[in-house]
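Reading the structure
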Amino acid sequence: MSNSCHESGQPAAQLTQLPQVALVGAPNAGKTSVFNALTGLKAKTGNYPGVTVSRFAGTCRAGDRKFAVEDLPGSYGLDPVSLDEQVLVDVLDGDGMRAPDALLIVVDATTLRRSLGFVAQVLARGLPSCVVLSFTDELLRRQGAVDVDALSQALGVPVVAVVGHRGHGIAELREQLLDWRDWPTPVIPPPVDPGERDAWVESVLSYAGYRVAQPHGLTRRLDAVLLHPLLGTVVFFAVMVLFFQTVFALAAPLQGGVEAFFGVLSEWVAAHVTNPWLSGLLGDALIGGVGGVLVFLPQIMLLFLLISLLEGVGYMSRAAFLMDRVMGRAGLEGRAFVALLSSFACAIPGIMATRTLPSAKDRIATMMAAPLVTCAARLPVYVVLIGLLVDPAATFGPFGLQGLVMFGLYLLGAVSAMLAAWAFKKFGDRRSQPTPFYLEMPPYRLPSPRAILLAVWGAASSFLRKCSTIIVATTMVLWLLLNLPLHSTEQMQATGVDTADSAAVSAYVVDHSYAAEVGRLVAPVFDPLGFDWRINVGVLSAQSARETFVATLGQVAAAEDPEDPGDALRAMTYSDGPRAGEPVFTAPTIAALLVYFAFALQCMATVGVIRRETGTWRWPLVAFGYLTVTAWLMAYLARTVTAFFVG
Amino acid sequence: MTSRTFEQGTDGRPRAEARYDQRTLADLMPTATAQVVSVSVPGSPAVARRLADLGFTPGTVVRVLRRAPLRDPLIYQVKDYEICLRRAQASCVNVVEVDR
């Protein structure tokens, strides 16, 4: 369906001629800022073949030569304990792909005592290597010291000190890259046995005159509050409320702006293209589809702005620490909380936020759970359906019943998401060992605006490049289904349609469309849920975006105002079959429909983004399949239970 | 992987006291200080190896910094940096408490 969704997996072909340089290092070592400083905006993201591990590759110019640079998954050691680390080892071994020609080992100067153990393991592989010492400014500021030349002598490989996010030392690093063929290698490879390695590390550190950085005073003072059992929890919830408010409330007017802009655009097309069918295709289908892509951008950009801010400052690991126990119940870890919270706004940014999870299994489990969280697009559907189901005046205790039903649906989404994550984690791959959990607590730092902008830009551009095709295509296909075949005015008048009444015309078009045929075709499947073919058409049209359901049903029911079709729906009766003449929207049907919407994956954009993030069609198909089956079963259950109580 | 694998300390000090002290990192309260004796993860040498890569090698001094609100996970200071471990992993690191 979308060509651009297939190209993940390999960086551009011409890169393969260039010398391949790979960045290795621990998470938090500053790998990404060195990578960004070397490659700038030219980085490409994709996936390693067949696995849910993102691949970052770009090119870097040094002197008159070009290099292909790849940012490998971060790791603390070369004995893999996760899929991502297996990829790292496979790349270093050249297993299934070309091995890098040279390595840049990025090391945080403030954690040298631990990091040199990793350096020892990498050097033992014998590839030409250069150590890139990051955060040297921080080491000095905290009264630490290290002699870079002596360290280079002791290690037997070149060492370059950089301050990645400021660009310091990057010119020197580029110069060093030019000589990669002549990089010295250690005369005796460093020991790999942990006991011998500790002795080797101590001797290297003492030769390099290493003085350890003093504990970061501000970090100690902030952590005393932010990680305090009570205060820390209060601050955490305050931060999350602000976070959610920004993604949810601040994005809303921006999204409204995008929608209004495309609305004006499509009206302009309607006014200037006389052929009604062509004007519909251009104005509603094409422009609507492009608008349907761009409407996600405010949320995605705001979310990544906040995530990279929280991550850059160092709060993300604190939040993960505070939430780990709770998320552990679902088999996930603390960092998954942010992804699931974002999914309350929209599953698209939520699924993209799973990039912050280091384990592929956790990313998959979170992605499979995210579509269950009640997203903003379900809200208009819920509002209309609850309005039909519950009398606005009805109360339960001091609470309005409508509000309680809404709350119940949000709760249903959250609980089923946690259950789904748990199930996918538990049964997803029972052969493999559980990944151990560990998380470095970096000192609080001021993130660089450049790093944040790059993160926002990267998220937005990869979404546009990889997902716009599938969303535009879905919108266009659905428009065609809902509007074809064509009917002439005479044809409609012949069947007694008042062609002056636009509501009657659009109802006639939908009633005789291919979508209606599909709706009738699948009627036996949805009949046990009480859905008639018109609801099926609405459910089908919701595939491009859930909120479309309301307008489509309004159109089918020939409502005066398709955006508020409550009265027309109440009056709707089954047109044929054994229930002909009975009202369609009875309590059991509405309950079934609400539950169906709570579970079903009725969002092709989500399918597209899961495809993009996992690099295969397997996971979006699994998600679509399991959610559709679950939705049907739960809707049937809801219908039966409601029918039992209502009678 | 047996608990004997990493019992050779780097400073060569005898670890006879380890035989009588079955404590692990998970048993310690915040601000306690301890020395790693061994790392044993039954059935998963890669995880044992990873804990060593994170800095939990025999002879290394570890300090418990704090506990999460629900008592798990915990933050430790080891080899000049701070790392958070779940109890499940912390209980694989056998230690002797030392006075600081």
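Counting of residues starts from 1 at the beginning of each chain's written sequence and follows it residue by residue. Chains carry letters from A onward and ligands carry numbers from 1 onward, assigned in written order. The predicted nature of this model means local features are confined to residues of pLDDT at least 70 and side-chain atom pairs, given and counted, to a pLDDT of 80 or more, with totals for whole chains, interfaces and linings taken over all residues.

1. Notes on the overall build of chain B
- For chain B, the helix and strand inventory stands at 2 helices and 5 strands.
- Helix numbers and strand numbers start at the N terminus; a helix is a DSSP run of H or I with at least 4 residues, a strand a run of E with at least 2. Helices and strands appear in chain B in the N-to-C order β-α-β-β-β-α-β.
- What counts as a contact is two residues whose backbone-derived C-beta atoms lie within 7 Å of each other. In chain B, the proportion of contacts linking residues at least 24 apart, taken out of those at least 6 apart, comes to 64%.

2. Considering the overall build of chain A
- The helix and strand tally for chain A stands at 28 helices and 10 strands.
- Against the 2.2 N^0.38 benchmark of 26 Å for 647 residues, chain A shows a C-alpha radius of gyration of 29 Å, consistent with a compact globule.
- Here the C-alpha coordinates of chain A stretch approximately 95 × 55 × 45 Å along the principal axes.
- Counting other C-beta atoms within 10 Å of each residue's C-beta, where C-beta atoms are placed from the backbone, gives the exposure class: buried for 20 or more, exposed for 12 or fewer, partly exposed between. When burial is assessed residue by residue, chain A has 49% of its 647 residues classed as buried.
- Sequence separation of 24 or more characterises 72% of the internal contacts of chain A that already satisfy a separation of 6 or more. Here the globule rule is a power law, 2.2 Å times the number of residues to the power 0.38, and the radius of gyration is based on C-alpha atoms.

3. Section: the interface of chain B and chain A
- Contacts between the two partners involve 30 residues from chain B, matched on the other side by 29 residues from chain A.
- Mapped onto the side of chain B that touches chain A, the elements with two or more residues apiece are α1 (45-53) and β4 (81-85) of chain B.
- At 6 residues, α1 of chain B tops the list of elements feeding residues into the side of chain B that touches chain A.
- Class assignment for the residues of the side of chain B that touches chain A results in 15 nonpolar, 6 polar and 9 charged.
- By the convention used here, strands pair only if DSSP detects at least 2 bridges between them. Relative to β4 of chain B, strand β10 (residues 438-440) of chain A is paired through 3 bridges, and the arrangement is antiparallel. Each residue is assigned to one class: nonpolar for Ala, Val, Leu, Ile, Met, Phe, Trp, Tyr, Cys and Pro, charged for Asp, Glu, Lys and Arg, and polar for all the others, Gly among them.

4. Structural notes on the domain arrangement of chain A
Residues and elements named next belong to chain A.
- According to the domain assignment, chain A contains domain 1 (3-214), domain 2 (215-373) and domain 3 (466-646).
- Start and end points for every domain follow an automatic or database-based domain assignment. For domain 2 versus domain 3, the separation of C-alpha centres amounts to 27 Å.
- In this assembly, 22 residues from domain 2 lie in contact with 22 residues from domain 3.
- Of all the secondary-structure elements, those providing two or more residues to the side of domain 2 that touches domain 3 are α10 (276-294), α14 (347-352) and α15 (360-369).
- Tallying contributions element by element places α10 first for the side of domain 2 that touches domain 3, with 11 residues.
- Across the side of domain 2 that touches domain 3, the residue classes tally to 16 nonpolar, 5 polar and 1 charged.

5. Observations concerning the packing of helix α9 (residues 231-272) of chain A against helix α11 (residues 297-313) of chain A
Residue and element names in this part refer to chain A.
- Running from N to C, α9 and α11 point in directions that differ by 150°, and their axes come no closer than 8 Å. In terms of their interaxial angle, α9 and α11 are classed as roughly antiparallel. Considering the relative orientation of α9 and α11, their crossing is right-handed. Between α9 and α11, the residues in contact are Phe243, Thr246, Val247, Leu250, Ala251, Leu254, Gln255 and Val258 and Pro298, Gln299, Leu302, Leu303 and Leu306, respectively.
- Here the contact of α9 with α11 is built from residues that sort into 10 nonpolar, 3 polar and no charged. Think of each axis as a best-fit line through the C-alpha atoms, taken over the contacting stretch in the case of a helix, with angles from 0 to 180 degrees between the N-to-C directions. Small angles under 35 degrees read as roughly parallel and large ones over 145 as roughly antiparallel, with 65 to 115 read as roughly perpendicular and the rest as oblique. By the definition used in this description, the sense in which the near helix is turned from the far one sets the handedness, with an anticlockwise turn below a right angle giving left-handed and a clockwise turn giving right-handed.

6. Considerations on the packing of α9 of chain A against α10 of chain A
Residue and element names in this part refer to chain A.
- Two numbers describe how α9 lies on α10: the axes approach to 9 Å, and their chain directions differ by 165°. Between α9 and α10, the angle is such that the two are roughly antiparallel. Between α9 and α10 lies a crossing whose hand is right-handed. For the pair formed by α9 and α10, the contact residues are Val258, Glu259, Phe262, Leu265, Ser266, Val269 and Ala270 on the first element and Ser279, Leu282, Gly283, Asp284, Ile287, Gly288, Gly291 and Leu294 on the second.
- A breakdown of the residues in the contact of α9 with α10 according to their chemical character gives 8 nonpolar, 5 polar and 2 charged.

7. A short note on the confidence of the model for chain A
- pLDDT: the predictor's confidence for each residue, scored from 0 to 100. A residue-level look at chain A finds 94% of positions with pLDDT of 70 or above and a mean pLDDT of 84.
- Low confidence marks residues 1-13 of chain A, where pLDDT is under 50. Its contacts with residues over four positions away, or in another chain, come to 29 contacts.

8. Thoughts on unusual backbone geometry
Residue and element names in this part refer to chain B.
- The step from Asp72 to Pro73 runs through a cis peptide bond, and the omega angle for that step is 0°.
- Structurally, the position occupied by Pro73 is in the loop between β2 (61-67) and β3 (74-78).
- One non-glycine residue, Arg71, lies in the positive phi region at around 70°.
- In this fold, Arg71 is placed in the loop between β2 and β3.

9. What to know about helix α21 (residues 514-521) of chain A
Residue and element names in this part refer to chain A.
- The set of residues buried in α21 consists of Ala515, Ala516 and Gly519. An end-on view of α21 places all buried positions within 100° of arc, on one side of the element.
- Next to the buried residues of α21 lie α18 (449-483), α20 (502-511), α22 (523-526) and α23 (533-541). Here the arc refers to the set of directions running from the helix axis out to each C-beta atom.

10. What to know about the pairing of strand β6 (residues 129-134) of chain A
Residue and element names in this part refer to chain A.
- Judged by how many residues are buried, β6 sits mostly within the fold: 6 of 6 residues are covered.
- Both faces of β6 are covered, namely the face carrying Ser129, Val131 and Leu133 and the face carrying Cys130, Val132 and Ser134.
- Two strands pair when backbone bridges link them, and strand β5 (residues 102-108) and β6 are joined in this way by 6 bridges, in the parallel orientation. Bridging from a neighbouring strand, Val107 pairs with Leu133 of β6.
- Of the crossover connections in this fold, the one passing from β5 over helix α3 (residues 112-123) to the parallel β6 is right-handed.
- Relative to strand β7 (residues 159-161), β6 runs parallel, the two being bridged by 3 bridges. The residue of β7 that forms the bridge with Val132 is Val160. If the strands point away from the viewer and the path from the first strand over the helix to the second runs clockwise, then the crossover is right-handed.

11. Observations regarding the sheet that holds β10 of chain A
- With antiparallel pairing, 6 strands are arranged side by side in an open sheet as β10(A)-β4(B)-β3(B)-β2(B)-β1(B)-β5(B). Looking at the sheet topology across the chains shown, the edges are occupied by β10 of chain A together with β5 (93-97) of chain B. Neighbour-to-neighbour, the strand axes of this sheet turn through a mean angle of 40°, independent of strand direction.

12. Here we look at α1 of chain B
- Most of α1 of chain B is tucked away, with 7 of its 9 residues classed as buried.
- Three or more residues of α1 of chain B are buried, namely Val47, Ala48, Arg49, Arg50, Leu51, Ala52 and Asp53 of chain B.
- Each element contacted by the buried residues of α1 of chain B is listed here: α3 and α7 (194-207) of chain A together with β1 (33-39), α2 (87-90) and β5 of chain B.
- Gly55 of chain B sits one or two residues past α1 of chain B and shows a positive phi near 120°.

13. Observations concerning the environment of Arg166 of chain A
- With respect to the helices, strands and loops of the structure, Arg166 of chain A is situated in the loop between β7 and α6 (170-178).
- C-alpha of Arg166 of chain A to C-alpha of Arg450 of chain A: the two residues are 284 residues apart in sequence and 9.0 Å apart in space.

14. Notes on the confidence of the model for chain B
All names here are of chain B.
- Summarising the model, chain B shows a mean pLDDT of 82, and 78% of its residues fall at 70 or more.
- Mean pLDDT values over the elements of chain B span from 91, in α1, up to 95, in β3.
- Segment residues 1-19 is flagged for pLDDT under 50; beyond a separation of four residues in sequence, or across chains, it makes 35 contacts in the model.
- ipTM for the predicted complex: 0.81, alongside a pTM of 0.81.

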